[in-house]
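If you want the building blocks of each chain, they are given just below.
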Amino acid sequence: MPLVSMNEFLPKAKANRFAVGQFNMNNLEFAQAITEAAMEEKSPFIFGVSEGALKYMGIEYTVAIAEAAAKKSGLPIALHLDHGSNFDIAMKCIRAGFSSVMFDGSHHPFEENIRLTKEIVKAAHAMGVSVEGELGTIGGVEDDLSVDEADAALAKPEEAIRFYEETGVDALAIAVGTAHGMYKGEVKIHYDIIEAVASKIPVPIVLHGGSGVPDDMIRKSIQCGVGKINVNTENQVACTKTIREILGKDENVIDPRKYLAPARTAMKEVVKEKIRLFGSSNQA
Ligand code: 13P
């Protein structure tokens, strides 16, 4: 199966109240772990690729790996640019074979965010590519993007509804209290904001910063209208912890396969659990 736009599965997720996971791809082992987990769970999923990951892997390798995963698995998989910062990077990804892009214009003034997002939606939709927009500022650190939690600003429902109406995005990320990275304190999710927006627009809300959010909060967010959830850090932690343990125990290990294979298995377990929690098993 070729890579698909998020519209292959997000409308069904919104209608049937489940969420599709965006699992970030950082290298081949991440891609394999995510794909194998989804195959066992028969779940659609989204490969999220940040601009940093794109630089690290190279755009050709990124697309080839995602296409191989789609071909091997037969699952509906979207290859999605995560937090794209401008029109050019979004177009570069689409030309290279991405089936979905996020434009994160949340640091621009509201009207400017609408104008820039609209341009990308127009071009992307003409090519059958889905678009995610963002409103409000999500705290935490991701790649080179760092937002102090104190500066993270929650989305205003009436602005979010207008943003959707003017831009026509296929999924809308709004800041509702989650943050990228692991949480130091308690997470507080503003379900009222999710509900107020989700009940007025036909597309799902995207929850960024899915790592470390307690299961009951994830379930409640989905009931309120979240249909896409992003997870990266928990896989990074599982991967690195496994490698650290193996190398710490035996300094004679030199074959990368000896620590990358167990790291991949650890990530696969994380992804399987998330897929079950999000309710997307058997939805492929
Ligand atoms: P976490 O790294 O906190 O899981 O967040 C991932 C994310 O939101 C990617 O956009």
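Computed from a predicted model, the values in this text were never measured in an experiment.

Each value, and the rule that gives it
Residues numbered from 1 in each chain as written. Predicted model: local features only at pLDDT ≥ 70, side-chain atom pairs only at ≥ 80, totals over all residues. Heavy atoms only, no water. Pairing = 2+ DSSP bridges. Helix = DSSP H or I, 4+ residues; strand = E, 2+ residues; numbered from the N terminus. Axes fitted to C-alpha atoms, helices over the stretch in contact; angles between N-to-C directions. Contact = heavy atoms within 4.5 Å. Expected span 1.5 Å × (residues − 1). Buried < 20%, exposed > 50% of the residue type's maximum accessible area, 1.4 Å probe, protein only. Parallel < 35°, antiparallel > 145°, perpendicular 65-115°, else oblique. Left-handed = near helix turned anticlockwise from the far one by under 90°. Nonpolar A, V, L, I, M, F, W, Y, C, P; charged D, E, K, R; others polar.

Caption draft 1: How the structure looks around the sheet that holds strand β4 (residues 100-103). Sheet architecture is closed into a barrel: eight strands sit in the order β1-β2-β3-β4-β5-β8-β10-β11, paired in parallel fashion. Geometrically, the sheet is characterised by an average inter-axis angle of 25° between neighbouring strands, direction not taken into account. Across the face of the sheet, helix α2 (residues 28-41) comes into contact with β1 (20-24) and β2 (45-50) while running at roughly 165° to β2.

Caption draft 2: Molecular detail of the environment of Ala179. Along the chain, the position of Ala179 falls in strand β9 (residues 179-180). Placed 55 residues apart in sequence, Ala179 and Glu234 show a C-alpha to C-alpha distance of 13 Å.

Caption draft 3: Region of interest: helix α6 (residues 110-126). With 17 residues, α6 should reach 24 Å at 1.5 Å per residue; the first-to-last C-alpha distance of 24 Å fits that figure. Within α6, the full set of buried residues consists of Phe110, Asn113, Ile114, Leu116, Thr117, Ile120, Val121, Ala123 and Ala124. Check the buried side of α6 and you find it contacts α5 (87-96), β4, β5 (130-135) and α7 (157-167). Two residues or fewer past α6, Gly128 is found with a positive phi of approximately 75°.

Caption draft 4: Region of the structure containing the packing of α2 against helix α4 (residues 59-73). As a packed pair, α2 and α4 sit with axes 10 Å apart at the nearest point and diverge in direction by 25°. In this view, α2 runs roughly parallel relative to α4, as classed from their interaxial angle. The interaxial crossing formed by α2 with α4 has right-handed handedness. Residues Leu28, Ala31, Thr35 and Met39 of α2 pack against Ile65, Ala69, Lys72 and Ser73 of α4. The residue makeup of the contact of α2 with α4, split by class, is five nonpolar, two polar and one charged.

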